[in-house]
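Remarks on the overall topology
In case you want the letters, here they are:
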Amino acid sequence: MLKRKGSNVNYAEEEGELHGSPYQIGLEPESEEETVRINYILRDGTVRTIAGRTGDNVMYLAHKHDIEIEGACEASLACCTCHVYVEGEYCDMLEEASEDEEDMLDMAPELRETSRLSCQIVLERKLDGITVQIPRITRNFYVDGHVPQPH
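Small disclaimer: the values here were computed from a predicted structure and weren't measured.

As a general feature of sheets, a regular strand has side chains that alternate between the two faces. Alternating positions in strand β7 (residues 83-86) separate into two faces, H83 and Y85 on one and V84 and V86 on the other, with burial throughout. Inspection of the sheet shows β7 paired to strand β8 (residues 115-117) by 3 bridges, in the antiparallel sense. Among the inter-strand pairings, Y85 is bridged to a residue of β8, identified as S115. The sheet contact formed by β7 and strand β9 (residues 130-133) spans 2 bridges and is antiparallel. Residue pairing for β9: Y85 is matched across the bridge by Q133.

Here we take up the environment of D92. Positionally, D92 belongs in helix α2 (residues 90-93). The class for D92 is exposed, based on a relative accessible area of 71%. Between the C-alpha atoms of D92 and T114, which are 22 residues apart in sequence, the distance is 9.0 Å.

A sheet is described by the order of its strands in space; here 5 strands give the open sequence β6-β5-β9-β7-β8, paired in mixed fashion. The strands lining the two open edges of the sheet, one partner per strand, are β6 (47-53) and β8. Taking each pair of neighbouring strands and ignoring which way they run, the sheet shows an average axis angle of 35°.

Across the protein, the average pLDDT comes to 81, with 74% of residues at or above 70. Mean pLDDT values for the elements of the protein range from 34 in strand β1 (residues 2-3) up to 98 in β9. When the criterion is pLDDT under 50, residues 1-23 qualifies, and its contacts beyond four places in sequence or with other chains add up to 50 contacts.

With respect to the secondary-structure elements, E101 resides in helix α3 (residues 99-105). At a separation of 2.9 Å, a polar atom in the side chain of E101 contacts the main-chain amide nitrogen of L117. The residues contacting E101, other than those within four sequence positions of it, are L77, R116, L117 and Q120.

Here we come to the environment of E110. Inspection of the secondary structure puts E110 in the loop between α3 and β8. A relative accessible area of 32% places E110 in the partly exposed class. For the pair E110 and Y85, spaced 25 residues apart in sequence, the C-alpha separation works out to 10.0 Å. In this structure, E110 is in contact with H83, Y85, S115, R136 and I137, ignoring residues within four places of it in sequence. Polar side-chain contacts of E110 include one of 2.4 Å to the side chain of R136.

What counts, and where the lines are drawn
- Residues numbered from 1 in each chain as written.
- Predicted model: local features only at pLDDT ≥ 70, side-chain atom pairs only at ≥ 80, totals over all residues.
- Heavy atoms only, no water.
- Buried < 20%, exposed > 50% of the residue type's maximum accessible area, 1.4 Å probe, protein only.
- Helix = DSSP H or I, 4+ residues; strand = E, 2+ residues; numbered from the N terminus.
- Pairing = 2+ DSSP bridges.
- Axes fitted to C-alpha atoms, helices over the stretch in contact; angles between N-to-C directions.
- pLDDT = per-residue confidence, 0-100.
- Contact = heavy atoms within 4.5 Å.
- Polar contact = N/O pair within 3.5 Å; in protein donor to acceptor, adjacent residues only side chain to side chain.

Here you go:
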């Protein structure tokens, strides 16, 4: 496991770049201090609670746990297929959306004030208990029932 100087984010050996921010792939929380619980409200209204880890990307965590969020551009900020609604006070705890994220959100159907791209949300300890709702409809770029697979 790698740790960048001045960061509290741990990285797997397989490392990626999340539009200027590092993200990790596939690590399980090793302690309560690095566990961040996230609630996904699915399209049918059911709630799935997942124990993520500080530094996890919300979209890739959903893919890992077979939660239906598309992510056609693989977190490169070139689509809006991972659009979610952030519930409650957690929306104010997130960093402001970048101009690039705002541009992609402009293409999302059923946009709300609390809309964000899940590929741009990186879990931090202060977000423990965050709830994101998957919109009833999305702009889908995949065809023929393709389901994205975690990397």
